[in-house]
Amino acid sequence: MSFLDIRMNISLVLLVVVILPRVYSIRDINIKGSEDKASLWSRVLSKTDKEGEWENAYDFIPTYAAHIRPHSDYHLPSNLGTCFDNINIHVVLESDRVKVTVKLSDPRKKTCSERLLFQTLTLINTRLFFRRGTHNFVFKNVTQGQKTFIETHGLIVSVAQRSFPKSIKKIYKLYRLFSGKLKDSEMFEYYRSFGYALEPRYHADRVLPKSLIPNGAVFFSFYPSVTDAFLLTFTENIVAHAAVAFWDDGELYIVESTFYDDESMDLKGIFRMPYDEWIELQTGDDTHIVMVRLKQHYQQQLESNMDAVWEYFHDHVSPAYAFKNFYYSEFSCSGGQHTPANVHSDSFSFLLSMVHRFAPELCQKHFSESIGSRLGISEANVTCDILLHSMEEQGTSLAQILSSLEPDESIYNDGFQMHCGAIVYKLLSVGVEDLRAITANFFDPPDISYIDIYDTEYVYPADHCPDSTNGVCQFYGKYKFDLRSFSSVPINRFRQYSIDKCLSSFPRTH
């Protein structure tokens, strides 16, 4: 080993062992003063955090290897390690401690390292190995909940594919993204990394006359924002909301499942709103809206079944809207180009813990309600650390949580989750018999745009839809709204599509 290699390794050890733990304690799940730490991270990383670099933004998520049960040995597959071809792990559980023995051999290079992560839901410990041989270490003061989890599920072992400093850098960038701390230019770079150019429109916004809006017309929206950046991450599509138009006694209504929460109103759940009132609420610098029409024969079917459509709507009007449950459900069907294909349901244990550590307010906002209801915890504003501890004490894994429906009022007696895309599908399927062949009961907002039921050849009047292409009328928004894969999946293939797009190792929430 050269002197330069030795110096580099010493520097890395100092960075990992001395400097970074002062900024961020990897072993303490209860972070205090997170805002101060965020400021400190910002100063530490400001010289290396280049704006606009989002390639492989999520490769900091470690690759799940195994659940290793107490008093058992496990040999990691050779392709998982980044340095050693042979990695053997033995776990022993005692009264209040866990003993771990790691045997390493056959390094691929003279100078390389292996970082392994050992975790339950509240215990996360990372170890960096530079040399072959046998390595022993102990996790002391193991809680009863952690012990129960290890006895039931085993100690989760994962392999970090990226260095710890690079992982911290990427986690920090994502923290800035999802906490709304990015500049607009950085946010747009994130969208562009998914292939969305966000090209400016050169036409003024219009209000579509009611005469152009038939029964069953679907409105899709997107809003370049923190919320929709989150959805974009897991759907790889900018469609963030769907609503549908129906006529009733000469009045045009927009039916949707969403919420409006501002100084003027507090409206949420499944409801209908007169078109004139609805369109007034859509104005805003970040609002982008397009309208699409059903194919003529589908629209004719719908017209003949409108009484049944309105009957279904009135039976399902509800003030319930589990927006946070929708966030959580996205993790059960990820695996796109930005999320590593090896993400496992137990990798989410690491991800959720990281969100809690870096930004506990985001964890509470986006996940706590969903997880809490599945655990039977109904307290408002319950924190993620309480939930993680509760899961361990009950011997529950995140895989089990992910595979169960949320038992609240957003689930109706047919087991259907009534988010925006789902209610649009259900209403259309009441009127269009062919749509009933689709048996999937969970829809991302973009899913509704993929089904091949829309008239892609319809030509809108140029004075109302100057940006009309492919049967899509954009009448609002600063940027061109690209409906990716619009009307491209045949009805008889949609069920298989919904299966194919999800990872087999990541159970859906139905």
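Just so it is clear, the model here is predicted, and its values are computed rather than measured. (Residues numbered from 1 in each chain as written. Predicted model: local features only at pLDDT ≥ 70, side-chain atom pairs only at ≥ 80, totals over all residues. Heavy atoms only, no water.)

Student: Explain the overall build of the chain here, please?
Tutor: Within the chain one finds 17 helices and 14 strands. Residue burial in the chain is summarised as follows: out of 510 residues, 55% are buried. Considering only contacts within the chain whose residues lie at least 6 apart along the sequence, 73% involve residues at least 24 apart. Of the roughly 22100 Å² of accessible surface on the chain, a fraction of 49% belongs to carbon and sulfur atoms. (Helix = DSSP H or I, 4+ residues; strand = E, 2+ residues; numbered from the N terminus. Buried < 20%, exposed > 50% of the residue type's maximum accessible area, 1.4 Å probe, protein only. Contact = heavy atoms within 4.5 Å. Areas by Shrake-Rupley, 256 points an atom, 1.4 Å probe, with all protein chains shown as cover.)

Student: Is there a simple way to explain the pairing of strand β13 (residues 288–292) in this structure?
Tutor: The buried count for β13 comes to five of five residues, which makes it a mostly enclosed element. Alternating positions in β13 separate into two faces, His 288, Val 290 and Val 292 on one and Ile 289 and Met 291 on the other, with burial throughout. Note: strand β9 (residues 218–222) against β13, five bridges, orientation antiparallel. Bridge pairing links Phe 222 to His 288 in β13. Of the strand pairs in this sheet, β13 and strand β14 (residues 472–476) are connected by four bridges, and their pairing is antiparallel. For Ile 289, the partnering residue across the bridge sits in β14 and is Tyr 476. (Pairing = 2+ DSSP bridges.)

Student: Please explain the pattern of salt bridges as it appears in this structure.
Tutor: Pairing of side chains with opposite charge becomes possible as their charged atoms draw close. Across all of its chains, the model carries 10 salt bridges by this definition. For Arg 108, the salt bridge is made with Asp 85, and the minimal N-O distance between the two is 2.8 Å. Of this pair, Arg 108 sits in the loop between β4 (98–107) and β5 (114–119) while Asp 85 sits in strand β3 (residues 84–93), and the two are 23 residues apart along the sequence. Across the pair Lys 210 and Glu 251 runs a salt bridge, and its minimum N-O distance is 3.6 Å. You can see Lys 210 sitting in the loop between α5 (184–192) and β9 and its partner Glu 251 sitting in strand β11 (residues 251–261), a full 41 residues away along the chain. Accessibility expressed as a relative area gives 27% for Glu 251, which makes it partly exposed. Taken together, the salt bridges that share partners define one network made up of Arg 201, Asp 205 and Asp 467. (Salt bridge = Lys/Arg side-chain N within 4 Å of Asp/Glu carboxyl O.)

Student: What exactly am I supposed to notice about the packing of aromatic side chains here?
Tutor: To describe a pair of aromatic rings, you give the distance between the ring centres and the angle between the ring planes. For the structure on display, the rule yields 15 aromatic pairs. Aromatic pair Tyr 458 and Tyr 460: ring centres 4.8 Å apart, planes at 70 degrees, arrangement edge-to-face. Grouped by ring-pair contacts, the aromatic residues Phe 118, Phe 129, Phe 137 and Phe 139 constitute a single cluster. One cation-aromatic arrangement involves Arg 272 over Tyr 253; the distance from NZ or CZ to the ring centre is 3.7 Å. In this arrangement the basic side chain of Arg 272 is found over the ring face of Trp 310, its NZ or CZ atom lying 4.9 Å from the centre. (Phe/Tyr/Trp six-rings, centres within 6.5 Å; stacked < 30°, edge-to-face > 60°. Lys NZ or Arg CZ within 6 Å of the ring centre and 35° of its normal.)

Student: Which parts of the structure should I look at to understand the sheet that holds strand β7 (residues 133–139)?
Tutor: Pairing between the strands of a sheet is mediated by backbone hydrogen bonds and can be parallel or antiparallel. Reading across the sheet, the four strands line up as β2-β3-β4-β7 and stay open at both edges, with antiparallel pairing between neighbours. Bordering the open sheet on either side are β2 (72–76) and β7, each of which pairs with just one other strand. In this sheet, adjacent strand axes meet at a mean angle of 20 degrees when their direction is disregarded. Examined bridge by bridge, β3 and β4 share nine bridges and lie antiparallel to one another. (Axes fitted to C-alpha atoms, helices over the stretch in contact; angles between N-to-C directions.)

Student: For this particular structure, what's the right way to read the nonpolar core?
Tutor: Nonpolar side chains in soluble globular proteins generally cluster together in the buried interior. Counting 66 residues, the largest nonpolar core has Phe 220, Phe 246 and Leu 428 as the members making the most contacts within it. Counting residues per element, this core draws most heavily on helix α15 (residues 420–431), which supplies six residues. Core analysis: the next-biggest nonpolar cluster, separate from the first, contains 27 residues, Ala 65, Ile 87, Val 91 and Val 157 among them. (Core = buried A, V, L, I, M, F, W, Y, C linked by side-chain atoms within 4.5 Å.)

Student: Help me understand the environment of Thr 101 in this model?
Tutor: Looking at where Thr 101 falls in the secondary structure, it is placed in strand β4. When the C-alpha positions of Thr 101 and Asn 136 are compared, they lie 4.6 Å apart, and in sequence the two are 35 residues distant. Other than its neighbours up to four places away in sequence, Thr 101 contacts Asn 88, Ile 89, His 90, Thr 134, His 135 and Asn 136. Within the local environment of Thr 101, its side chain forms a polar contact with the side chain of Asn 136, the two groups lying 2.7 Å apart. (Polar contact = N/O pair within 3.5 Å; in protein donor to acceptor, adjacent residues only side chain to side chain.)

Student: Which parts of the structure should I look at to understand the packing of helix α9 (residues 306–316) against α15?
Tutor: Each pair of packed helices gets described by two things: the angle between the helix axes and the distance between those axes. Contact pair α9 / α15: the axes reach a minimum separation of 8 Å and the direction vectors enclose 145 degrees. Every pair of crossing elements has a handedness; the one defined by α9 and α15 is right-handed. Here Ala 308, Val 309, Tyr 312 and Phe 313 of α9 come into contact with α15, specifically with Ile 423, Lys 426, Leu 427, Val 430 and Gly 431. Tallied by class, residues from the contact of α9 with α15 come to seven nonpolar, one polar and one charged. (Left-handed = near helix turned anticlockwise from the far one by under 90°. Nonpolar A, V, L, I, M, F, W, Y, C, P; charged D, E, K, R; others polar.)

Student: Mind showing me how you'd approach the sheet that holds strand β8 (residues 155–159) here?
Tutor: The strand order β1-β8-β5-β6 describes an open sheet built from four strands, whose pairing is antiparallel. The open sheet is flanked by β1 (63–68) and β6 (124–129), the only strands paired with a single partner. Taken pair by pair, the neighbouring strands of this sheet meet at an average axis angle of 25 degrees, ignoring direction.

Student: Help me understand the state of the cysteines in this model?
Tutor: A covalent bond between the sulfur atoms of two cysteines is what we call a disulfide. For the structure shown, the criterion picks out two disulfides. Put simply, Cys 465 and Cys 473 are joined by a disulfide, and their sulfur atoms are 1.8 Å apart. One disulfide, between Cys 465 and Cys 473, carries an S-S torsion of -70 degrees and so falls in the left-handed class. Residue Cys 465 is classed as buried on the basis of its relative accessible area of 2%. The class for Cys 473 is buried, based on a relative accessible area of 0%. (Disulfide = S-S within 2.5 Å.)

Student: Before we go on, may I ask you to explain the confidence of the model for the chain in this structure?
Tutor: It should be kept in mind that the predicted coordinates are not to be read in detail where pLDDT is low. Model confidence for the chain is summarised by a mean pLDDT of 75, while 71% of its residues fall at 70 or above. Across residues 503–510 the pLDDT falls below 50, and counting only partners more than four positions away or on other chains, this stretch makes 39 contacts in the model. (pLDDT = per-residue confidence, 0-100.)

Student: Help me out: how do you make sense of the pairing of β1 in this one?
Tutor: For a regular strand, the rule is simple: side chains alternate between the two faces of the sheet. For β1, a buried count of five out of six residues is recorded, marking the element as mostly surrounded by other parts of the structure. Where β1 meets β8, five bridges bridge the pair, whose relative direction is antiparallel. Bridge pairing links Thr 63 to Val 159 in β8.

Student: Mind showing me how you'd approach the environment of Gly 133 here?
Tutor: Among the secondary structure elements, Gly 133 is positioned in strand β7. Taking the C-alpha atoms as reference points, Gly 133 and Ser 105, 28 residues apart in sequence, are found 6.4 Å from one another. Not counting residues within four places of it along the chain, the set of residues in contact with Gly 133 comprises Val 102, Lys 103 and Leu 104.

Student: Could you clarify how one ought to interpret α15 in this entry?
Tutor: Three- or four-residue spacings in an α-helix give side chains the same orientation, since the helix completes a turn every 3.6 residues. Compared with the 16 Å implied by 1.5 Å per residue over 12 residues, the 18 Å span of α15 between its first and last C-alpha is a close match. Those residues of α15 that sit buried are Cys 420, Gly 421, Ala 422, Ile 423, Val 424, Tyr 425, Lys 426, Leu 427, Leu 428, Ser 429, Val 430 and Gly 431. (Expected span 1.5 Å × (residues − 1).)

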